[in-house]
Amino acid sequence: MVSNDVLVIGGGIAGIQAALDLAEMGIQVHMVERLPSIGGKMAQLDKTFPTNDCAI
Amino acid sequence: MEQVAGDVGSFQVKVRKKARYVNENLCTGCGACAEKCPTMVVDVFNAGLGNRKAIYKYFPQGIPSVFTIDATACRQLGQGKKCGVCAKVCQAGAIDYEQKDTTVELDVGAVVLATGYEVFDPSVIPEYGYDRIANVVTALEFERLLSASGPTAGHLDRPSELALEREIEEAQKELKKLQRQVSQLEEKHGKPSSEIVRQFQSGGLGESEDLRKWALLAQDLSALDGRFQSMTHRKASASAARKLAFIQCVGSRDFRFNRFCSSYCCMHSVKEAMIAHEHDNGVSSSIFCMDLRAVGRGFEEYKLRGGKQANIRYVRGRVAEITEDEAQNPVIWYESTVSRQVVHETFDLVVLATACVPSAGTSDLARLLRLELDENGFFKTDPLAPLNTSRPGVFVCGCAQGPMDIPESVAQASSAAARAAEIVAPARQAVG
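Residues numbered from 1 in each chain as written. Chains lettered and ligands numbered in written order. Predicted model: local features only at pLDDT ≥ 70, side-chain atom pairs only at ≥ 80, totals over all residues. Heavy atoms only, no water.

### Here's the deal with the nonpolar core
All names here are of chain B. Judged by nonpolar contacts, the single largest core of 37 residues is most densely connected at Phe-142, Leu-156 and Leu-244. Among the elements of the structure, helix H3 (139-146), strand S11 (243-250), helix H7 (265-279), strand S12 (284-289), helix H8 (299-309) and strand S17 (349-354) are those that each provide at least two residues to this core. Here the element with the most residues in this core is H7; it accounts for eight residues. With residues up to four places along the chain from it excluded, the contact list for Leu-244 reads Phe-142, Leu-156, Ala-276, Val-283, Ser-284, Ser-285, Ser-286, Phe-347 and Leu-349. (Core = buried A, V, L, I, M, F, W, Y, C linked by side-chain atoms within 4.5 Å. Buried < 20%, exposed > 50% of the residue type's maximum accessible area, 1.4 Å probe, protein only. Helix = DSSP H or I, 4+ residues; strand = E, 2+ residues; numbered from the N terminus. Contact = heavy atoms within 4.5 Å.)

Given below as structure tokens:
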């Protein structure tokens, strides 16, 4: 019996993107994150290169 | 993650859900608890440059917008003292000191690993003095200094000045306490402290223990006052960091630590120098590198723009040592490969472009999932199927498989999502 769900381990920019893509396909996603909030390293950044856009 | 059984198509996973000590369904994220919480803790999100309370939200925009109690720092939970302030002020009644860790059991068809990376700890490089010299910071710490929501609200204050501010605050508290004690004694005896100190120093104070204590207190007060004055004077003359140095390949491309290139740090340093210049046009930056790797769409142009518009100087050379002068300015010693001489230059602040290394839990997770790691400790992938780990049904994206920048992480994440969907899709069709 194949399960319909996907587990994403890590709630940084990669984990969030993967989870959102899967959810858009209608798949149930479970995300596991070590810290109290998702966002990861990217949330700690002020701006991003090469456009100097805000990270959050 | 505690336990994994099964195989591709149906993994049975046990996950430990850590107690927040706050009911997620009741907490409104208003922050009244953190306002009143008496315990200060070093703020990890701000790279240790600021403080937060024991009940906290990891960062203001954090999702879920729910507070969490740091059980080790909390007076009630960690230290067994009576406190309960947060429970008293919480109007939603969300605080739950009795909450326990729970185990969640999941049955999933595929697993996507996106466990990211950790910043290399530069204190193992003694010549760069990261531990010794206050004004040597990592790129991530500098990022928090630049951020409008960071500990300095985006002003480029130097860490030495931040430490001075904290010292001044503490001295002020101590000063008030001593002043109160001394003035109480002055009132009690109806004499000024200066007279007692004079008598004490000339040895004419007699045997009275009370008076002796008073004299010592008054002496402490004047010493502390002197120190306080000199500190506030130093603070008044301090200015924001304007002459910056960035040192590339700290912990990467270094055979003592990691042989690999961390790939994003060249552009990261150029970006930080540009943003610093945007905040204050008087900022000039020097980037010390072996070679500046601007590989990516628009990156080369970005680097050149930094040089032309943001006062960035690119210096070819590997920095040998950082020392510190009397004004707590870092001094960089390096060999100029152009003039072939060993030269030194003083800066206000030095930023270390630290390597991207595997996150601490990587090897444990690999053991749990029975995955192989590569020679650098990242999850091993197949060169022709770059999202596949050594186990079918488990995919890896982002810095968990090696250093990469944000656009590449995002692209990989979408690919990994698609690969995972391939596995679970037949099941959905069968059901639907």
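Still more ground to cover, so stick around.
### Concerning the sheet that holds strand S1 (residues 3-7) of chain B
All names here are of chain B. Ordered by their spatial adjacency, three strands build an open sheet running S1-S2-S7, and the pairing between neighbours is antiparallel. Across the chains shown, the open sheet's two edge strands, defined by having one partner strand only, are S1 and strand S7 (102-108). Neighbouring strand axes in the sheet, compared pairwise and without regard to direction, differ in orientation by 15° on average. For strand S2 (residues 10-17) and S7, the ladder comprises seven bridges, and the chain directions are antiparallel. Across the sheet, residue Val-13 finds its bridge partner in S7, namely Leu-106. (Pairing = 2+ DSSP bridges. Axes fitted to C-alpha atoms, helices over the stretch in contact; angles between N-to-C directions.)

### Focus on the packing of H3 of chain B against H7 of chain B
Residues and elements named next belong to chain B. Between H3 and H7, the least distance of the axes is 11 Å, while the angle of their chain directions is 25°. One way to sum up the angle between H3 and H7 is to call them roughly parallel. H7 is crossed by H3, and the crossing has left-handed handedness. Touching Ala-139, Phe-142, Glu-143 and Leu-146 of H3 are His-268, Lys-271, Glu-272, Ile-275, Ala-276 and His-279, all from H7. Residues belonging to the contact of H3 with H7 are distributed by class as follows: five nonpolar, two polar and three charged. (Parallel < 35°, antiparallel > 145°, perpendicular 65-115°, else oblique. Left-handed = near helix turned anticlockwise from the far one by under 90°. Nonpolar A, V, L, I, M, F, W, Y, C, P; charged D, E, K, R; others polar.)

### A look at the interface of chain A and chain B
Contacts between the two partners involve 40 residues from chain A and, on the opposite side, 68 residues from chain B. Regarding the contact of chain A and chain B, the summed buried area is about 4,400 Å², with carbon and sulfur atoms giving 67% of it. Inspection of the region where chain A meets chain B yields zero salt bridges. When residues of the side of chain A that touches chain B are assigned to their parent elements, the largest contribution, seven residues, is made by helix H1 (residues 13-24) of chain A. Residues that form the side of chain A that touches chain B fall into these classes: 22 nonpolar, 12 polar and six charged. By the bridge criterion, four bridges tie strand S1 (residues 6-9) of chain A to strand S8 (residues 110-113) of chain B in an arrangement that is parallel. By the bridge assignment for S8 of chain B, Leu-7 of chain A is matched with Val-111 of chain B. (Buried area = accessible area lost by both parts, 1.4 Å probe. Salt bridge = Lys/Arg side-chain N within 4 Å of Asp/Glu carboxyl O.)

### Some points on unusual backbone geometry
In this structure, the amide linkage connecting Phe-49 of chain A to the following residue, Pro-50 of chain A, adopts the cis form with an omega of -5°. Residue placement: Pro-50 of chain A occurs in the loop between strand S3 (47-48) and strand S4 (53-54). Cis peptide bonds are those with omega within 30 degrees of zero, and the linkage from Ile-63 of chain B to Pro-64 of chain B qualifies with 0°. One can find Pro-64 of chain B in the loop between strand S5 (55-56) and strand S6 (68-69). The backbone of Ala-153 of chain B sits at a positive phi, close to 55°, despite the residue not being glycine.

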